[in-house]
Amino acid sequence: MSERQNAFTIKTNRLSDEVYNKLAKYAKSRKLGDYISSLILRDLGDASTERKAIEDKKTYEMLEHIKNELADLKTLVKTTGFVGNDSFKEESSSKVPQLTEGKIADLENISGSLDDDDLEEYNDF
C-alpha cells in the first residue's frame, strides 16, 4: 500500500457546477474528507450487496436446476417401472441358516476328537 498523502488534487474543470459547489461547501466546513470517506464506504457496501445478490441468484438457479433434475429422475423412474420392482432386493438368506444372538445351536451332530497332544498345548493355565 502506498504512503498516504495529505492532499488530493481534483480537476474542477471536469466537474459540473452543482458537484463543484457541493464539494466546496464541504471543504469550507472542513468535512470534505469525511464526506468523501462516507461516499466510498457506501459504494463498498453497495458492492458487497451486489455481490451477495449475485450469489443468491446463483444459489437459486442451482436449486432450480436440482429441482428440475429430480423431477426428470422421478419421471424416468416411473416410466421404467423401477418403482416397486423387487428384482433388486437382497436375496433372502433362507438357504443358509444363521445363528442370531441368544439362539442355542443344535449340538446333536458333533464330529471330531481331541488327542492328548491337543491338550498339552493348553496346559499352561
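Higher on the page you've got the structure.
Please read all numbers here as calculations on a predicted model, not as lab measurements.

With respect to the overall build of the protein chain
Okay, so step 1: Tallying secondary structure elements over the protein chain gives three helices and zero strands in all.
Okay, so step 2: Reading the protein chain from its N end, one meets helices and strands in the order α-α-α.
Okay, so step 3: Going through the 125 residues of the protein chain one by one, you find that 2% of them count as buried.
Okay, so step 4: Here the protein chain has roughly 13,100 Å² of accessible surface; of this, 53% comes from carbon and sulfur atoms.

Some thoughts on the pattern of salt bridges
Okay, so step 1: Within the structure shown, the criterion is met by one salt bridge.
Okay, so step 2: The residue Asp56 makes a salt bridge to Lys52 at a minimum N-O spacing of 3.5 Å. Of the two residues, Asp56 and Lys52 both sit in helix H2 (residues 32-80), four residues apart, roughly one turn of that helix.
Okay, so step 3: Given the relative accessible area of 41%, Asp56 is considered partly exposed.
Okay, so step 4: Its relative accessible area of 48% is what places Lys52 among the partly exposed residues.

Description of H2
Okay, so step 1: With 49 residues, H2 should cover 72 Å at 1.5 Å per step; its first-to-last C-alpha distance of 72 Å lies within 8% of that length.
Okay, so step 2: Immediately downstream of H2, the backbone of Gly81 shows phi near 75 degrees, a positive value.

Some details on a nonpolar patch on the surface
Okay, so step 1: A contiguous nonpolar patch, built from Met62, Leu63, Ile66, Leu70, Leu73 and Leu76 and spanning about 600 Å² of accessible area, is present on the exposed surface.
Okay, so step 2: As for its position among the elements, Ile66 is in helix H2.

Section: the packing of aromatic side chains
Okay, so step 1: By the definition in use, this model includes one aromatic pair.
Okay, so step 2: Aromatic pair Tyr26 and Tyr35: ring centres 4.0 Å apart, planes at 10 degrees, arrangement stacked.
Okay, so step 3: A cation over an aromatic ring shows up here: Lys25 above the ring of Tyr26, its NZ or CZ 6.0 Å from the ring centre.

Thoughts on unusual backbone geometry
Okay, so step 1: The phi dihedral of Arg30 falls on the positive side, at around 60 degrees, and the residue is not glycine.
Okay, so step 2: In this fold, Arg30 is placed in the loop between helix H1 (17-28) and H2.
Okay, so step 3: Residue classification places Arg30 among the exposed positions, given a relative accessible area of 78%.

Conventions we followed
- Residues numbered from 1 in each chain as written.
- Predicted model: local features only at pLDDT ≥ 70, side-chain atom pairs only at ≥ 80, totals over all residues.
- Heavy atoms only, no water.
- Helix = DSSP H or I, 4+ residues; strand = E, 2+ residues; numbered from the N terminus.
- Buried < 20%, exposed > 50% of the residue type's maximum accessible area, 1.4 Å probe, protein only.
- Areas by Shrake-Rupley, 256 points an atom, 1.4 Å probe, with all protein chains shown as cover.
- Salt bridge = Lys/Arg side-chain N within 4 Å of Asp/Glu carboxyl O.
- Expected span 1.5 Å × (residues − 1).
- Patch = residues over 30% accessible without salt bridge, like charges linked within 9 Å, V, L, I, M, F, W, Y side chains within 5 Å.
- Phe/Tyr/Trp six-rings, centres within 6.5 Å; stacked < 30°, edge-to-face > 60°.
- Lys NZ or Arg CZ within 6 Å of the ring centre and 35° of its normal.

Scope: geometric values only; no functional claims are made or implied.
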